[in-house]
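Examination of the molecular architecture
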Amino acid sequence: TVEYEYTSTEATQQSSSLMKSMVTMICSFGLIVASILNGFGSSSLPHSNLVGIFLKPTPSTTLTKAENDCYYAKSQLEEKECLLSDIMQSAANNGRSSSSSSFTSSLPTINAEKKKIQQLQDEVMFLTYLVNDMNDDIHEMKQSQQLALRARTTIGRIRVVFGVIFSIVLVVRVVLASKSLS
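Below you will find a few notes about this structure. Note that this is a predicted model, so its numbers are computed, not measured.

Our focus in this paragraph is the overall build of the protein chain. Of the regular secondary structure elements, the protein chain holds four helices and zero strands. Helices and strands appear in the protein chain in the N-to-C order α-α-α-α. Evaluated residue by residue, the protein chain yields a buried proportion of 19% over its 182 residues. Within the protein chain, counting contacts between residues at least 6 apart in sequence, those at least 24 apart form 95% of the total.

Below you can see the structure in the form of structure tokens.
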């Protein structure tokens, strides 16, 4: 019976050792996951403020010029859309009113109208993309201007310091969790 107790104690120690190593690995894995998840917030805080510090505020004249160019492009787009609508409407009216005897004589005119319609459709599509891109650029300029101004405030500088500290803590936690895992 003494041997039986010895093997039971040995099995308990092995089981306890196995349990300790599994708990250690699970905790280490949990720390790594928590560190990574914390890292998103820790990294984005200093990044957004550091980027704002290094960005130069967009001059208001540049922003005004971009807005004026966008307004001009919008007016050109509206003008081309009206012109296209008029030409398509007149082409539809001419198609209904033409007789079969004059069809061969008006063929060059129909081809010229089709080319003009296709050209106007291409211009409208180009101007639509241009206006959308210009609106996006203007929005990004305004956002970068606000980011640069916010980062230069006292609160923005404090956020940079805290963000850098949190990033260092994050790196230390990830390294320590990785070491304890191996």
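Read on, since the account is not over.
In this structure, Leu77, Leu84, Ile138 and Met141 are the most contacted members of the largest nonpolar core, which totals 15 residues. Among the elements of the structure, α2 (60–97) and α3 (107–151) are those that each provide at least two residues to this core. Of all the elements, α3 adds the most residues to this core, at eight residues. Setting aside residues no more than four positions away along its own chain, Ile138 makes contact with Leu63, Ala66, Glu67 and Cys70.

Our focus in this paragraph is the pattern of salt bridges. A full pass over the atoms with the stated rule returns three salt bridges. Asp69 is the salt-bridge partner of Lys65, the closest N and O atoms lying 3.1 Å from each other. Taken together, the positions of Lys65 and Asp69, both in helix α2 and four residues apart, correspond to about one turn of that helix. The exposure class assigned to Lys65 is exposed, which follows from its relative accessible area of 51%. Glu67 is the salt-bridge partner of Lys142, the closest N and O atoms lying 3.3 Å from each other. Placement of the pair is Lys142 in helix α3 and Glu67 in helix α2, with a sequence separation of 75 residues. Taking relative accessible area as the criterion, Lys142 reaches 37% and is therefore assigned partly exposed.

Another point: a negative patch on the surface. A cluster of acidic residues, Asp133, Asp136, Asp137 and Glu140, forms a negative patch on the protein surface. Positionally, Asp133 belongs in helix α3.

Reading guide: rules and limits
Counting starts from 1 at the beginning of each chain's written sequence and moves along it residue by residue. Note on the predicted model: pLDDT of at least 70 is required for a residue's local features to be given, and 80 or more for side-chain atom pairs to be given and counted; whole-chain, interface and lining totals, by contrast, use all residues. Only hydrogens and water are removed before side-chain values are computed, so all heavy atoms of the structure are retained for them. The numbering of helices and of strands both runs from the N terminus, where a helix is a DSSP run of H or I of at least 4 residues and a strand a run of E of at least 2. Each residue is placed in one exposure class: buried if its accessible area under a 1.4 Å probe, protein chains only, is under 20% of its type's maximum, exposed if it is over 50%, and partly exposed if it falls in between. Contacts are assigned to residue pairs that have any heavy atoms within 4.5 Å of one another. Only buried Ala, Val, Leu, Ile, Met, Phe, Trp, Tyr and Cys residues count toward a nonpolar core, and they belong to the same one when joined by side-chain atoms within 4.5 Å. Here a salt bridge means any side-chain nitrogen of Lys or Arg lying within 4 Å of a carboxyl oxygen belonging to Asp or Glu. Patch criteria: residues need more than 30% relative accessible area and no salt bridge. Like-charged residues are merged within 9 Å; nonpolar side chains of Val, Leu, Ile, Met, Phe, Trp and Tyr are merged within 5 Å. Using the Shrake-Rupley algorithm and a 1.4 Å probe, accessible areas are obtained, with residue cover drawn only from the displayed protein chains. For the purpose of charge, His is not counted, nor are the chain termini; Lys and Arg are scored as positive and Asp and Glu as negative. For the purpose of locating charges, the reference atoms are NZ of Lys, CZ of Arg, CG of Asp and CD of Glu.

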